[in-house]
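Chain by chain, the residues run as shown.
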Amino acid sequence: MSHGKLINIALLGGVLTLAVACLVPALLNLISYEAADLFWFGGLLLLTLAAGKFTVSLFKSDGADRDQKTLAEAVIFLAAMLYGAPAAVLLAAADSALATRRVNDRRARLFSIAASIVACATAVLAYQLVSWLLTGEAAEGQAVPLGVLLVPLFAFAAVRYALNALAANISAAFATGQWRFTQSRESLVWTAMTQLAGAVSAALFFAALQGDGMSNFFVGVLIIALVYLLYHFDEQRIEEVRRHQADKLRHAEEIAELHMNAIESLAIAIDAKDQTTHGHVRRTQIYAMELGKLLSVSESELTALRAGALLHDVGKLAVPEYILNKPGKLTAAEFEKMKIHTIVGGDIIRRVNFPYPVEDIVRFHHEKWDGSGYPKGLKGAHIPLVARIIAVVDFYDATRCDRPYRVGMTREESLGLLHHMAGNSFDPRIVEMFTRHIEMFDQLIAEHDMREQVASESNPGLNAARPDAGLATDVLGAGEGSGYRSIVEAQREVFALHEIAQTIGSSLNLRDTVTLVTSKLRSIVPFDTCVIYLVDERSGKACAVHATGEHAAAFVNRRVTIGEGITGWVIANARSMCNTPPELDLVGVPEEICAKIQGVLVSPLIREDGAFGTITLYSSSRATYSTEQVRLLESVSHHAASALNNAVTFEKTKEQALVDQLTELPNARAFHHALEQRIAECQRLNCEPMTVLSMDLDDFKQINNQHGHGIGDRVLAEVATVIKKQFRQMDILARYAGDEFVAIMPMASADVSEMIAERIRCAVESHDYSACTGRRAHVSVSIGMACFPADGETAADLLSSAVGNMRQDKHLRRLSPALTANVVTSIEAYR
């Protein structure tokens, strides 16, 4: 019997004993009552039973009705004032029995009735003690002033209220098995008000019976009725709050379940990396949680086992696949690399900040009982209990299942290995508990229909070897039968497809995406050269954006007309093609390369508006591809199409965000980015001059007004072309806004910049712009410049100075050509 049950029995027995000690004298005292007293007591009993139907719950927070206070409190107080403790105790017992009539737990109900009797007897003693201190006598049935009477009554109410609240929480613990404070704030307030109203009403009733007028009686009834009405008015609000809290709790539980499902999905994806099955994750979880219950772990540790069983190998994300799935024994260097998965996994879980010890599982589940494990070399009980549990169940299930690098063991062989390693690798107590209940565990596994473990019968393919879970050894190597090789190949294909589906969209960078596709494709479909073509919307041709394998250089930047060759036909028809003469697709490829290629397989990349590219495979060793290989490539193409389309869209959007669509020059955003970079270079080199030019077309609005914005846009584009031709290749010209252009001229002194500015002005003004049929447009430009660092050392200062000089140039040019020339000459002389 547990320690908690013993405490419950002792507590219940003690309270029952006290209640009997109070109740027996009360019953004996009732026999001695005269007829008139019995009549009055019977009336009080009827009032108690009638008022007992009007209740105030102590547990509004959880909706329980096991402990309720009634409006009979005033009658019990009055009985204590008239007849003392015996009558009050009998009425309290009747009231409590009526209030708990719906409680199903007999122990909880019995405890509540007994506690009410003891609380009432104790409260009467407090009442009599305070009365004696105030008046020198117990005041039982005596005429006492109302003001004096209220003080001992309040003492009565306070003691009874405190003891009832304590008893209510103990009763709740009997019903729920949890020792915690369960009453809501509203319940405490209203039960306190009920007690207070009962005490005041009892005092008024007593005063009325003593001849102080029936008005006191009616006031007492009014007080009780008012409190009860106010309670039930507020009860509706409390009920609404309770429903809202219940909805929030249900929502929180749903979110928690979603989070656990997300954890399970993540665990499956992680385990797929070393070709572990979904069943292994779920079986490990079942084993761990059931074993944890048998070992009496805490609630927090049990929750940690539920999540930790799924996430204990999350650190394998940092281990290369060739190590995870290596058929033979790991080298010392490879094993060191494998060992980092516990550290990486622990660091990942630490950032999640689980409120239970999941990190201990992930970080320490490869520690060994004798201290020879990793990463810390913990020994014995210093290893967290949850980590020791996971170590046992993970090892057992891992050895029971087939893996690509070994075959599984039977139950007897795996348990024998566990016992052999107990005391060295595993906690002997946990191994013994696990072995003792293995049949029960396996029955639970069978209910979930996860049939992946080797049957519990003799398996001649294994001997008495001692493997480590997750570490392939010589004795657990794969068989050499062709059937097993087929299984391994099938698992490898499924694993590769799964990994592509999980990771192919992880980057929006086009180069990263095509590299990832081709690297994963090699383990699914054999090829010597892989080329990914995407249609260029400007030229309408399919361009090779990535090539890998033999002769990849011959295919880089290759362009294919849609409809021509095998690749062009596949794009035009959105259908795969294979086993056709490869030379049809090798026009323009050197003959020595064409002679080596024996087979070709092409699958389209399809989106909503049709094919926008292909994955083209060339083989030098095979002339044909099977139907299964075509299906696998189409499956990869289906996953890759979405990722590649997203990457292409991202690249196009990024380009549009930095390029002005009318002039095809960099826009203001690109200009600011480039200017910041150039300034940083100048500051780093501390010797390179740089000039910023600001150019604004004079009165360009008149062209738009006279000829329309369509003509204006065409002229503006021509002006951009004219200006761009005047700059050096290293210079950056951008359209800043409207008819304003800006330029960055690295390594250009003030003299060089003035020369180029004058050349731009002459080129723009001398160019013949066609406005419409038979009409020409004249364009002039105002130019200002700012030099680094003389005119500013920040982008804002340089641009502001250049714009100011441009506006000054525009103003002077409007005065007169002659005056402009003189002013410019004077300014330059001053500079």
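None of the values given here were measured: they were computed from a predicted structure.

Peer 1: For this particular structure, what's the right way to read the sheet that holds strand S6 (residues 577-578)?
Peer 2: Strands pair in a sheet through their backbones, by hydrogen bonds, and they do so in one of two ways: parallel or antiparallel. Pairing is antiparallel across the open sheet formed by six strands, whose spatial order is S5-S4-S3-S8-S7-S6. A single partner strand is all that each edge strand has here, and the edge strands are strand S5 (559-561) and S6. Sheet strands in contact with helix H19 (residues 510-521) are strand S3 (529-535), strand S4 (541-549) and strand S8 (610-619), and its direction is about 145 degrees off that of S3. Packing against the sheet, helix H20 (residues 565-573) makes contact with S3, S4, S5, S6, strand S7 (599-607) and S8, and its axis sits at approximately 150 degrees to S8.

Peer 1: Can you help me understand H19 in this one?
Peer 2: Every α-helix carries 3.6 residues per turn, so stepping three or four residues along brings you back to the same face. Here H19 is twelve residues long and its end C-alpha atoms lie 17 Å apart, about the 16 Å a rise of 1.5 Å per residue gives. Listed as buried for H19 are Leu 510, Thr 513, Val 514, Val 517, Thr 518, Lys 520 and Leu 521.

Peer 1: Where do I start with the confidence of the model for the chain in this structure?
Peer 2: A low pLDDT means the predicted coordinates there should not be read in detail. The predicted model of the chain has a mean per-residue pLDDT of 76, with 70% of residues at 70 or higher. The low-confidence segment residues 58-67, where pLDDT is below 50, has 44 contacts with residues more than four positions distant or belonging to other chains.

Peer 1: Where do I start with the packing of aromatic side chains in this structure?
Peer 2: In this structure the tally under the stated criterion is ten aromatic pairs. Judged by centre distance (5.2 Å) and plane angle (55 degrees), the rings of Phe 395 and Phe 426 are tilted. Of this pair, Phe 395 sits in helix H14 (residues 385-400) while Phe 426 sits in the loop between helix H15 (411-421) and helix H16 (428-436), and the two are 31 residues apart along the sequence. The exposure class assigned to Phe 426 is buried, which follows from its relative accessible area of 8%. Between the aromatic rings of Tyr 396 and Phe 434, the centroid separation amounts to 5.0 Å while the plane-to-plane angle is 70 degrees, which identifies the pairing as edge-to-face. With Tyr 396 in helix H14 and Phe 434 in helix H16, this residue pair connects regions lying 38 residues apart in the sequence. Residues Tyr 396 and Phe 434 agree in their burial class; the two are buried. Here the aromatic residues Tyr 287, Tyr 396, Phe 434 and Phe 441 are joined through ring pairs into a cluster of three or more. Geometry around Tyr 625 places Arg 622 over its ring, the cationic atom sitting 5.8 Å from the centre.

Peer 1: Looking at this structure, how should I read the pairing of strand S11 (residues 740-746)?
Peer 2: Two faces, one strand: in a regular strand the side chains alternate between the faces of the sheet. Most of S11 sits out of view: seven of its seven residues are buried. Residue alternation in S11 divides its side chains into two sets, Glu 740, Val 742, Ile 744 and Pro 746 and Phe 741, Ala 743 and Met 745, and both sets are buried. The pairing of strand S10 (residues 732-737) with S11 spans five bridges and is antiparallel. Bridge assignment links Ala 737 to a residue of S11, and that residue is Glu 740. The hairpin formed by S10 and S11 contains two residues between the paired strands, and Gly 738 there has a positive phi angle of roughly 55 degrees.

Peer 1: What should I look at first to understand a nonpolar patch on the surface in this one?
Peer 2: A cluster of nonpolar side chains, contributed by Val 20, Val 24, Leu 28 and Ile 31, occupies part of the molecular surface with about 400 Å² of accessible area. With respect to the secondary-structure elements, Val 20 resides in helix H1 (residues 3-31).

Peer 1: I keep staring at the sheet that holds strand S9 (residues 690-697) and nothing clicks. Help me out?
Peer 2: With respect to topology, four strands assemble into an open sheet ordered S10-S11-S9-S14, the strand pairing being antiparallel. Lying at the two open borders of the sheet, with one neighbouring strand each, are S10 and strand S14 (781-788). On average, each strand axis in the sheet is inclined to that of its neighbour by 20 degrees, with strand direction left out of account. Of the strand pairs in this sheet, S9 and S11 are connected by seven bridges, and their pairing is antiparallel. Looking across to S11, one finds that Asp 696 is bridged to Glu 740.

Conventions adopted
Residues numbered from 1 in each chain as written. Predicted model: local features only at pLDDT ≥ 70, side-chain atom pairs only at ≥ 80, totals over all residues. Heavy atoms only, no water. Pairing = 2+ DSSP bridges. Helix = DSSP H or I, 4+ residues; strand = E, 2+ residues; numbered from the N terminus. Contact = heavy atoms within 4.5 Å. Axes fitted to C-alpha atoms, helices over the stretch in contact; angles between N-to-C directions. Expected span 1.5 Å × (residues − 1). Buried < 20%, exposed > 50% of the residue type's maximum accessible area, 1.4 Å probe, protein only. pLDDT = per-residue confidence, 0-100. Phe/Tyr/Trp six-rings, centres within 6.5 Å; stacked < 30°, edge-to-face > 60°. Lys NZ or Arg CZ within 6 Å of the ring centre and 35° of its normal. Patch = residues over 30% accessible without salt bridge, like charges linked within 9 Å, V, L, I, M, F, W, Y side chains within 5 Å. Areas by Shrake-Rupley, 256 points an atom, 1.4 Å probe, with all protein chains shown as cover. Salt bridge = Lys/Arg side-chain N within 4 Å of Asp/Glu carboxyl O.

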